[in-house]
Amino acid sequence: MKLINFDTKTLILENVRSNEKIIPTSFTTTQYKILCRLIRQKRITKEFFYFLLLELYQLRDWKQMTYEQMYEMIHILTFYNYTTEV
């Protein structure tokens, strides 16, 4: 490689690693544990959980959830207002 045609900034930036995160296709074990803990703490019924799963993601089995879906479900269950009636 000839260094004559490049400035130092370009050479440095070409050798920097990319900051891309690899997102898993399936949910993680930690997400599963967090979800289980939330369900116990908030006393979420099985019917309500499956209702959310079907309405939000059109899934009947929670094991088919992706990483992003599980993340969103945890967020929803954490900040959902349980005092209002549906």
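What you see as residue numbers is a count from 1 along each chain, following the sequence as written. Thresholds applied to this predicted model are a pLDDT of at least 70 for local features of residues and 80 or more for the giving and counting of side-chain atom pairs; totals over whole chains, interfaces and linings are not thresholded and use all residues. The basis for every side-chain value is the complete set of heavy atoms in the structure, and neither hydrogens nor water enter the calculation.

## Looking at unusual backbone geometry
Stage number 1. One non-glycine residue, R43, adopts positive backbone phi at about 55°.
Stage number 2. We note that Q58 has phi near 55°; this positive angle belongs to a residue other than glycine.
Stage number 3. Of note, Q58 is situated in the loop between α3 (46-57) and α4 (67-79). Segments assigned H or I by DSSP are reported as helices when at least four residues long, segments assigned E as strands when at least two residues long, and all are numbered from the N terminus.

## Points about the nonpolar core
Stage number 1. Within this scheme, the nonpolar core is defined by two criteria: the residues are buried Ala, Val, Leu, Ile, Met, Phe, Trp, Tyr or Cys, and they are joined through side-chain atoms within 4.5 Å. The classification of residues rests on relative accessible area computed with a 1.4 Å probe and restricted to protein chains. Under 20% of the type maximum is buried, over 50% is exposed, and intermediate values are partly exposed. By size, the foremost hydrophobic cluster in this structure holds 16 residues, and its most contacted members are L35, F49, L53, M65, M73 and L77.
Stage number 2. Among the secondary structure elements, those contributing two or more residues to this core are α2 (29-42), α3 and α4.
Stage number 3. Residue contacts are defined here by distance: any two heavy atoms, one from each residue, within 4.5 Å place the two residues in contact. Not counting chain neighbours up to four residues away, the residues in contact with L35 comprise F49, M70, M73, I74 and L77.

## A few points about the environment of I44
Stage number 1. Mapped onto the secondary structure, I44 falls in the loop between α2 and α3.
Stage number 2. Residue classification places I44 among the buried positions, given a relative accessible area of 11%.
Stage number 3. Considered as a pair, I44 and L59 are 15 residues apart in the sequence and their alpha carbons are 18 Å apart.
Stage number 4. If we skip the residues at most four places from it in the chain, I44 touches L38, I39, F49, L77 and Y82.

## Looking at the confidence of the model for the chain
Stage number 1. The predictor attaches a confidence to each residue, called pLDDT, with possible values from 0 through 100. Scored by pLDDT, the chain comes out at a mean of 86, with 93% of its residues at no less than 70.
Stage number 2. When pLDDT is averaged over each element of the chain, α2 comes out on top at 94 and helix α1 (residues 8-14) at the bottom at 77.

## A closer look at α2
Stage number 1. Between its first and last C-alpha, α2 extends 20 Å over 14 residues, near the 20 Å set by a 1.5 Å rise per residue.
Stage number 2. Along α2, the positions that sit buried rather than exposed are Q31, L35 and L38. All buried residues of α2 lie within an arc of 60° about the axis, which places them on one face of the element. Exposed side chains of α2 directed beyond 90 degrees from the buried face belong to T29, T30, K33, R40 and Q41.
Stage number 3. On the buried face of α2, the contacting elements are α3 and α4. Here a helix's expected span is defined as the number of its residues, less one, multiplied by 1.5 Å. Read the arc as the range of directions from the helix axis to the C-beta atoms.

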